Amino acid sequence: MSLHSRRRYTAVLIAAGVTLPLAGCDTSPNDAAGAAHDVTAVSREQLRPGGTVRWAVDEAPETFNVFQADASEATDRVAGAVLPRLFTLDQHGKPTADPDYLESAEVEDRSPKQRVVYRLNPRAVWSDGRPIGAEDFEAQWLALNGEDTAYWTARNAGYDRIESVEAGDEPGEVRVVFDEPYADWEALFSPLYPMSVTKTPEAFNDGSRTGLTEVAGPFTIKDVEGKKKKEQKEKKKDGKKKDGKKKDEKYKDGKKKDGKKKGKRDESDASDASEPTSVTLVRNPRWWGDRALLDRLVFQELPRGAGREKALDAGRLNIAEVERDEALEAARAERAAKAAVQVTKNDRAQDGKPLDLVTLPKAGPRPYTVHRALEPAYTQLALNGSSGPLADGRVRRAVARAVDRGTLARSVLGPHGLPSKPLGSHLLMPGQPGYSDQSAALGPQDVIAAQKMLAEAGWKGGPRSEEAEAKGTGARDRADGARSGDDKPAGAVLPTYDVPLSVTQPAQTQYVALGRQAELWAAAAKHGKSSKAYKKAVKAARLARTALAERETSVAQPPRQRPFVKNGKPLTLRFVVPQGPGTEQLRSVASRVVRMMDNIGVRTEVVEAGEQGYFKDYIASGEYDMALYSWPGTPYPATDARPIYAKPVPSPDGSLVVEQNYTRVGTDEIDQLFDQAASELDDEVAQELLTRADARIWAAAGSIPLYQRPQLVATTRNLANAGAFGFTTPRYQDIGYRN
């Protein structure tokens, strides 16, 4: 679980592509706990010191302050390696005090007010030699409690409940007193910034954007490489920028060229600011814990779908999350390395004797291993309850009951060999303490029940109209509903192939893809992999796979059932779906949902949106009826999940304040349960309150969790203590190469 996910609990849209079972992990498909993370764990004694690891991130950090609105995954990664983390998470998302920084931390008083006492490791110092102390805690509290609006903070949850921070009676002791009880106090002060960053608004807002002068982790920041530096080098070489563009064209009329408005920062000098592309970390000479094994840790900007596979193959990357196609290729290479491929051949062998089969030499495996785990994040079907047909709770519940979550989960997770049981909670992931399936509050998938709910809501007709029931012709519709639009019996799992075959695609397209793959093998056997014939066959096979993938990602489906109608208009829902690289899996899921809606007599108007506008123009603004997007999991649901399910409240201008509840569905009871859980210091009582809140969220039918996303991470083969971390906090000092 990243720091960024906890501090800025924002929606994420990352498609989970279906892949073949991958190498490098022996996770049991039925073991949810074993799928929580997949890391090649090796003791430090078996690793050699030295070396560089290049870790791919979608974008280099624009700031090193995780509490700012434009903090990113890369910001979290850097902070985790250079700043104190008072509590780390295990694979189940359970926080534990980090002994590198804390000797202890506990609630010593609950009445009349909650008092937490931190006892710091006496060896813990900032890189300038100053001991970490109460003044750092106090400055961070004052910066994040929301009272001083000059600090541009993304959130102040938890810090706004603190009454005072002061030094204790003993050296290295910090006492924090809360104005009201706060159950998630372990989430605070991680990371902890030096007071030089948090003491003034100027330092907080701007000083930490380009670097950190004081750190207290196993690594320190050595260099931030940016585009500006590269352009300067090019300018020196030929006297002008390579792209020939003026450097003041980035902003126009207060907006970026992509239409996004600027934030609070003064962008008058934006043309002079460099855009980082990589951050290089080196060992912190003041670090008192286990010495970092690596000489350098480089976070390199390389977005998914922009050539990570080639960079991994060439050794230019050592750690990278990968997409479906990259994982497919890695799996093929792994299998090819274990067994020779036999291809039918009519030609004679070199000795003149006829052979029916030839054996190709074993292909070498890729220089990296793909790790797989269940990511602490889930994909949901969001139902916008603010207006239109879904404003009626009966219609929302009907739509929710039509969705076969089991089929969707199997289609995404089954091919990975990961547990494919649908997610049963909005607040916790399987394996987390207190997880329980509360989906019974909504009810199981049931097409007939869904159609009855629509009829009760005043909609007429539909696949199972009263006339059809009277004639006893509902059997076919029941069968279609049981299959949920997948044209297969419930519970069956589609097989997986090198070419992603689909029972929903025209046979001719699949035959072409299979034929091109056979030609590829034949060319390799007859002419060798360095021949022009083989390269031509590779190109043809890729084109065939691309054509098949394009057909596979078509979301809109022709209706097969008669719709429900009201006032002469069919029941139609606007389904906003993303398009672009990396969205193939999400689009495949959307296509299945469209068919499931048709099974109950609901039409869908599919609206395809590009990545840039999908969230801003549709989800956040409420311009949708149905949508697919994801939320990260959290070890602190009472704090982090509340704004996602809070009841929207009207503002003075008549608009709704939705916080992060983009479905606009909420109740007073849900809010009260969250508030009670956040103030309850008894873990068992707090968990019971959250369980009740989760059940009410299911019953409200605004958010329908579908599945936990797969996490696919490629690492160099001889690299250890890295992979698909899941909730686990990485120990950056232990990442290293085998002897």
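Predicted model, so just to flag it, every value in this text is computed and none were measured.

A short note on the packing of helix 9 (residues 393–402) against helix 11 (residues 447–456)
So, step 1. Put simply, helix 9 and helix 11 touch, their axes get as near as 8 Å, and they point 165° apart. One finds that helix 9 runs roughly antiparallel with respect to helix 11. The way helix 9 lies across helix 11 gives a crossing that is left-handed. The residues of helix 11 that touch helix 9, namely those facing Arg394, Val395, Arg397, Ala398, Arg401 and Ala402, are Ala449, Ala450, Met453, Leu454 and Glu456.
So, step 2. When its residues are assigned to classes, the contact of helix 9 with helix 11 shows 7 nonpolar, no polar and 4 charged.

What to know about the pattern of salt bridges
Proximity of charged atoms lets side chains of opposite charge pair with each other.
So, step 1. Evaluated as defined, the whole model comprises 30 salt bridges.
So, step 2. With its nearest N and O atoms 3.8 Å apart, the salt bridge here joins Glu73 to Arg77. Taken together, the positions of Glu73 and Arg77, both in helix 2 (residues 73–82) and 4 residues apart, correspond to about one turn of that helix.
So, step 3. A salt bridge links Arg85 to Asp98, with the nearest nitrogen and oxygen atoms 4.0 Å apart. Pair noted here: Arg85 is in the loop between helix 2 and strand 4 (87–89) and Asp98 is in the loop between strand 5 (95–97) and strand 6 (102–109), with a separation of 13 residues, a long-range link. The two residues Arg85 and Asp98 agree in class, both being buried.
So, step 4. When salt bridges with common partners are traced through the structure, they connect Glu106, Glu108, Asp109, Arg115, Arg119, Asp169, Glu173 and Arg175 into a single cluster.

Observations regarding the sheet that holds strand 30 (residues 736–738)
So, step 1. Taken in spatial order, the 3 strands of this open sheet run 2-30-28, and their pairing is antiparallel. The two strands at the open ends of the sheet, each matched to only one other strand, are strand 2 (47–48) and strand 28 (719–720).
So, step 2. Pairing geometry for strand 28 and strand 30, over 2 bridges, is antiparallel. Paired with Ala720 across the strands is Gly736, a residue of strand 30.

Structural notes on helix 3 (residues 134–144)
So, step 1. Burial runs high along helix 3: 8 of the 11 residues are buried.
So, step 2. Looking only at helix 3, the buried set comprises Ala134, Asp136, Phe137, Ala139, Gln140, Trp141, Ala143 and Leu144.
So, step 3. Turning to helix 3, the residues buried within the fold contact strand 7 (115–120), strand 8 (162–167), strand 9 (173–178), helix 4 (195–198) and helix 5 (201–207).
So, step 4. Positive backbone phi, at 85°, marks Gly146, one or two positions downstream of helix 3.

Comments concerning the sheet that holds strand 9
So, step 1. A sheet is described by the order of its strands in space; here 4 strands give the open sequence 6-7-9-8, paired in antiparallel fashion. Each end of this open sheet is capped by a strand with a single partner; those strands are strand 6 and strand 8. The sheet shows a mean angle of 15° between the axes of neighbouring strands, taken without regard to direction.
So, step 2. Here 5 bridges tie strand 8 to strand 9, and the two strands are oriented antiparallel to one another. Opposite Glu166, over in strand 9, you have Arg175 as the bridge partner.
So, step 3. In the packing of helix 3 onto the sheet, the strands contacted are strand 7, strand 8 and strand 9, and the crossing angle to strand 8 comes to about 160°.

Here's the deal with the environment of Gly307
So, step 1. On the secondary structure map, Gly307 appears in the loop between strand 14 (296–301) and helix 7 (308–313).
So, step 2. For Gly307, a relative accessible area of 30% gives the class partly exposed.
So, step 3. Once the C-alpha coordinates of Gly307 and Val322 are considered, the two residues, 15 residues apart in sequence, prove to be 10.0 Å apart.

Regarding the environment of Thr691
So, step 1. Assignment of secondary structure puts Thr691 in helix 21 (residues 683–700).
So, step 2. If we ignore the near neighbours within four places in the chain, the residues touching Thr691 are Ser436 and Gln438.

As for the side chain of Asn384
So, step 1. Along the polypeptide, Asn384 turns up in the loop between strand 18 (368–383) and helix 9.
So, step 2. For Asn384, a relative accessible area of 2% gives the class buried.
So, step 3. A distance of 2.9 Å separates a polar side-chain atom of Asn384 from the backbone oxygen of Tyr624.

Some words on the confidence of the model for the protein chain
So, step 1. When the pLDDT values of the protein chain are averaged, the result is 80; 74% of them are 70 or greater.
So, step 2. Confidence over residues 228–273 falls short of pLDDT 50; this stretch has 41 contacts with residues more than four positions distant or in other chains.
So, step 3. Across residues 465–509, confidence stays below pLDDT 50; counting only partners more than four residues off in sequence or on other chains, it has 66 contacts.

Quick word on the nonpolar core
So, step 1. Judged by nonpolar contacts, the single largest core of 67 residues is most densely connected at Val82, Tyr118, Phe189 and Leu281.
So, step 2. Grouped together as the second largest cluster of nonpolar side chains are 45 residues, Ala35, Leu390, Val412 and Leu413 included.

A closer look at the packing of aromatic side chains
So, step 1. Counted under the stated rule, the structure contains 19 aromatic pairs.
So, step 2. Ring geometry for Tyr159 against Phe189: centres 5.4 Å apart, planes inclined by 85°, an arrangement best described as edge-to-face. Separated by 30 residues along the polypeptide, Tyr159 in the loop between helix 3 and strand 8 and Phe189 in the loop between strand 9 and helix 4 bring together distant segments of the chain. With respect to class, Tyr159 is no different from Phe189; both count as buried.

Procedures and definitions
- Residues numbered from 1 in each chain as written.
- Predicted model: local features only at pLDDT ≥ 70, side-chain atom pairs only at ≥ 80, totals over all residues.
- Heavy atoms only, no water.
- Axes fitted to C-alpha atoms, helices over the stretch in contact; angles between N-to-C directions.
- Helix = DSSP H or I, 4+ residues; strand = E, 2+ residues; numbered from the N terminus.
- Parallel < 35°, antiparallel > 145°, perpendicular 65-115°, else oblique.
- Left-handed = near helix turned anticlockwise from the far one by under 90°.
- Contact = heavy atoms within 4.5 Å.
- Nonpolar A, V, L, I, M, F, W, Y, C, P; charged D, E, K, R; others polar.
- Salt bridge = Lys/Arg side-chain N within 4 Å of Asp/Glu carboxyl O.
- Buried < 20%, exposed > 50% of the residue type's maximum accessible area, 1.4 Å probe, protein only.
- Pairing = 2+ DSSP bridges.
- Polar contact = N/O pair within 3.5 Å; in protein donor to acceptor, adjacent residues only side chain to side chain.
- pLDDT = per-residue confidence, 0-100.
- Core = buried A, V, L, I, M, F, W, Y, C linked by side-chain atoms within 4.5 Å.
- Phe/Tyr/Trp six-rings, centres within 6.5 Å; stacked < 30°, edge-to-face > 60°.

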